[in-house]
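These are the residues of each chain, in order.
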Number of protein chains: 2
Amino acid sequence: MVPVLSLKFPMKTKVIIIDDHSLFNDGMSLILKESGLFEVIEQIYDSRQAQTKCFSLKPDLIVMDYNMPYLDGLEVVRQLNTSGNDTKIVIVSMYADKKEIELFKKEGVGAYITKTTPATQLIETLKKVMEGEKLFESKNKAKIIIEKDNFALKHQLTKREMEVLRLIKQEETTEKIAETLNLSFYTVETHRKNINHKLKFKTKKEFYAFLETLEE
Amino acid sequence: MVPVLSLKFPMKTKVIIIDDHSLFNDGMSLILKESGLFEVIEQIYDSRQAQTKCFSLKPDLIVMDYNMPYLDGLEVVRQLNTSGNDTKIVIVSMYADKKEIELFKKEGVGAYITKTTPATQLIETLKKVMEGEKLFESKNKAKIIIEKDNFALKHQLTKREMEVLRLIKQEETTEKIAETLNLSFYTVETHRKNINHKLKFKTKKEFYAFLETLEE
DNA sequence: AAAAAAATACCTGCTAACAGGTATTTTTTT
DNA sequence: AAAAAAATACCTGTTAGCAGGTATTTTTTT
């Protein structure tokens, strides 16, 4: 007796992967295929193609990077505007930035996970999202704090200096940082000055590249 | 007649992958396995374990990320000090920073590629490295130039504007750019202004992230 | 030859960042 | 309790970037 098709070949979830890092994109594709649950119907390396391709291919699930040139993950999500259909979106990011996560939540995406997630856990997350669950990383705070402290130690930055640095990363001006921390403008300037003296970056590029490596 | 073992099961290259991003690490592992040429004997997610594990497992090849917490790729390379044995090292980085590449060259690593490399090309690179070749991203300028031109078209940037943009990336001030291009300070400012109007970045972070995607 | 696009140049005024100070208070360590 | 480290605050002056203009010349396209 031959089993019915639907049992032997259960419907696989149709996935589109969007990531400019080809290696990651290709690796992700293999991870999903290997699970046996997903069928990667398209790999997009340039987020500007997302809208057209997603419209024509109608995937069940989109697994997308956050940091991409031209159009970042958030912009793509807004462009896709999946509110009409039931395409699920999962964001895979390098960072667990609270504010960013909030923005994605508001856009109604299914999950936000970091690239430090193991493959097995990713599959679990995707399964849950396909079942309608919403998952947002917030628990692995401990790890991030350890990394941060380690960094602070390395560069002899104080707690307050690290706080200021994080706010600088979040595009805050000295004035706004002062407001946020309830400090005088001058105090924040002093902290900035001391940070600069300790880190001694030669160029702004270097500084901004460094900021990228900071969590939160 | 049974073929000799070495033909049916040619010796696979023993690889250790070092990357704190589990998803990338796991994906890379699948890419290497799928090629049939490599055997992933260990996946390291915390670079601080690299020294001990590489010493005991003696891999033929190490595929390693550059940006990692605690110990970055360069520090690990220096720690491993593979000059004594013939373990090859390939660095996979997010950025193609010339200065960084130079540092790795000096340390004698086999290749430095970016995460935008497709999986097929990665395998080719690894094969070549195992044959003793050294590969450092710089020749695939053609591709990058095409991307750039494409980019210029999409954003309607003129040739001159692209030239100015490249110099901005190189940390030049408006004044120096003017000198370099033999233009008036005001002219360069006008170009900058027009670039800004065309690209309309919301934040400096965005702008610097974008600059990273541009090649010299 | 005319029109459009690109490149050139100048001017004003504002703002944020930053360098180089000084100085007091609070917290932590010895 | 004393010393050291961290956090607080203020002041001056410079500079680069940028927004908002105007305007001429050169090159390219139609």
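Values in this document were obtained by computation on a predicted structure and should not be read as measured data.

1. Description of the sheet that holds strand 6 (residues 135-136) of chain B
Okay, step 1: Strand order in the open sheet made by the six strands is 2-1-3-4-5-6 (chain B), with parallel pairing throughout. The open sheet terminates on both sides in strands that have one partner only, identified here as strand 2 (38-44) and strand 6 of chain B.

2. Considering the pattern of salt bridges
Okay, step 1: As enumerated under the stated definition, the model contains 14 salt bridges over all chains in all.
Okay, step 2: Of the charged contacts in the structure, one is a salt bridge between E163 of chain A and R160 of chain A, with a shortest N-O distance of 3.2 Å. A residue pair is termed a helical-turn pair when its members lie 3 or 4 positions apart in one helix, as E163 of chain A and R160 of chain A do in helix 8 (residues 159-169) at three residues.
Okay, step 3: Take E163 of chain A: its relative accessible area is 26%, and that puts it in the partly exposed class.
Okay, step 4: Since its relative accessible area comes to 29%, R160 of chain A is described here as partly exposed.
Okay, step 5: A salt bridge links D65 of chain B to K115 of chain B; the nearest nitrogen and oxygen atoms lie 3.6 Å apart. Here the residue D65 of chain B occupies a position in strand 3 (residues 61-65), and K115 of chain B occupies one in the loop between strand 5 (111-114) and helix 6 (119-130), the gap between them amounting to 50 residues.
Okay, step 6: Classification of K115 of chain B as buried rests on a relative accessible area of 4%.
Okay, step 7: Among the ionic contacts, a cluster of salt bridges with common partners joins D19, D65 and K115 of chain A.

3. A look at the protein's contact with DNA strand C
Okay, step 1: The environment of DNA strand C is formed by 16 residues, the closest being K193 of chain A together with T158, R160, S184 and T187 of chain B.
Okay, step 2: At 3.3 Å from a base nitrogen of DNA strand C is found a side-chain nitrogen or oxygen belonging to T190 of chain B.
Okay, step 3: Secondary-structure elements contributing two or more residues to the surface near DNA strand C are helix 9 (174-181) and helix 10 (185-199) of chain A together with helix 8 (159-169) and helix 10 (185-199) of chain B.
Okay, step 4: Grouping the amino acids of the surface near DNA strand C by side-chain chemistry returns two nonpolar, eight polar and six charged.

4. Looking at the protein's contact with DNA strand D
Okay, step 1: Neighbouring residues of DNA strand D: 16 residues in total, closest T158, R160, S184 and Y186 of chain A together with K193 of chain B.
Okay, step 2: Residue S184 of chain A places a main-chain N or O atom 2.8 Å away from a phosphate oxygen belonging to DNA strand D.
Okay, step 3: Side-chain polar atom of K193 of chain B to a base oxygen of DNA strand D: 2.8 Å apart, as the coordinates give it.
Okay, step 4: Counting residues per element, the ones that place at least two in the surface near DNA strand D are helix 8 and helix 10 of chain A together with helix 9 (174-181) and helix 10 of chain B.
Okay, step 5: By residue number, the principal contributor to the surface near DNA strand D is helix 10 of chain B, which donates five residues.
Okay, step 6: Looking at the surface near DNA strand D, its residues break down into two nonpolar, eight polar and six charged.

5. A look at the packing of aromatic side chains
Okay, step 1: Taken as a whole and assessed by the stated rule, the structure comprises seven aromatic pairs over all chains.
Okay, step 2: Ring geometry for F24 of chain A versus F24 of chain B: centroids 6.1 Å apart, planes at 0°, classification stacked. Taken as a pair, F24 of chain A in helix 2 (residues 22-35) and F24 of chain B in helix 2 (residues 22-35) lie in two separate chains rather than in one. When sorted by exposure, F24 of chain A lands in the same class as F24 of chain B, which is buried.
Okay, step 3: Ring plane angle 80° and centroid distance 5.8 Å describe the contact between F185 of chain A and Y186 of chain A, whose orientation is recorded as edge-to-face.
Okay, step 4: The class of F185 of chain A is partly exposed, set by a relative accessible area of 36%.
Okay, step 5: Classification of Y186 of chain A as exposed rests on a relative accessible area of 62%.
Okay, step 6: Taken together, the aromatic side chains of Y66, F104 and Y112 of chain A make up a single cluster linked through ring pairs.
Okay, step 7: Between K58 of chain A and the ring centre of F55 of chain A, over which it is positioned, the NZ or CZ distance is 4.3 Å.
Okay, step 8: The residue whose ring lies beneath K115 of chain A is F24 of chain A, and the NZ or CZ to ring-centre distance is 4.0 Å.

6. Observations concerning the pairing of strand 4 (residues 88-93) of chain A
All names here are of chain A.
Okay, step 1: With respect to burial, strand 4 is a largely interior element, five of its six residues being buried.
Okay, step 2: Where strand 3 (residues 61-65) lies against strand 4, five bridges are found, and the strand directions are parallel. Bridging from a neighbouring strand, V63 pairs with V90 of strand 4.
Okay, step 3: Relative to strand 5 (residues 111-114), strand 4 runs parallel, the two sharing four bridges. Directly across from V92, in strand 5, lies its bridge partner I113.

7. Remarks on the nonpolar core
Okay, step 1: The biggest cluster of nonpolar side chains holds 43 residues, and the ones touching the most others in it are M28 and L32 of chain A together with M28 and L32 of chain B.
Okay, step 2: Setting aside residues up to four positions removed in sequence, M28 of chain B forms contacts with L23 of chain A together with I17, V63, V92 and L122 of chain B.
Okay, step 3: In this structure, L157, L167 and F207 of chain A together with M162 of chain B belong to the second largest nonpolar core, which totals 32 residues.

8. Let's talk about the side chain of E161 of chain B
Okay, step 1: Considering the arrangement of structural elements, one finds E161 of chain B in helix 8.
Okay, step 2: Once residues lying within four places of it in the same chain are set aside, the contact partners of E161 of chain B are Q156, H191, N194, I195 and K198 of chain B.

9. As for the packing of helix 8 of chain B against helix 9 of chain B
Residue and element names in this part refer to chain B.
Okay, step 1: As a packed pair, helix 8 and helix 9 sit with axes 10 Å apart at the nearest point and diverge in direction by 125°. As the angle between them shows, helix 8 and helix 9 are arranged oblique. The way helix 8 lies across helix 9 gives a crossing that is right-handed. In contact with R160, E163, V164, L167 and I168 of helix 8, helix 9 contributes I177, T180 and L181.
Okay, step 2: Its residues assigned to classes, the contact of helix 8 with helix 9 shows five nonpolar, one polar and two charged.

Reading the values: the criteria
Residues numbered from 1 in each chain as written. Chains lettered and ligands numbered in written order. Predicted model: local features only at pLDDT ≥ 70, side-chain atom pairs only at ≥ 80, totals over all residues. Heavy atoms only, no water. Pairing = 2+ DSSP bridges. Helix = DSSP H or I, 4+ residues; strand = E, 2+ residues; numbered from the N terminus. Salt bridge = Lys/Arg side-chain N within 4 Å of Asp/Glu carboxyl O. Buried < 20%, exposed > 50% of the residue type's maximum accessible area, 1.4 Å probe, protein only. Near = heavy atom within 4 Å. Polar contact = N/O pair within 3.5 Å; in protein donor to acceptor, adjacent residues only side chain to side chain. Nonpolar A, V, L, I, M, F, W, Y, C, P; charged D, E, K, R; others polar. Phe/Tyr/Trp six-rings, centres within 6.5 Å; stacked < 30°, edge-to-face > 60°. Lys NZ or Arg CZ within 6 Å of the ring centre and 35° of its normal. Core = buried A, V, L, I, M, F, W, Y, C linked by side-chain atoms within 4.5 Å. Contact = heavy atoms within 4.5 Å. Axes fitted to C-alpha atoms, helices over the stretch in contact; angles between N-to-C directions. Parallel < 35°, antiparallel > 145°, perpendicular 65-115°, else oblique. Left-handed = near helix turned anticlockwise from the far one by under 90°.

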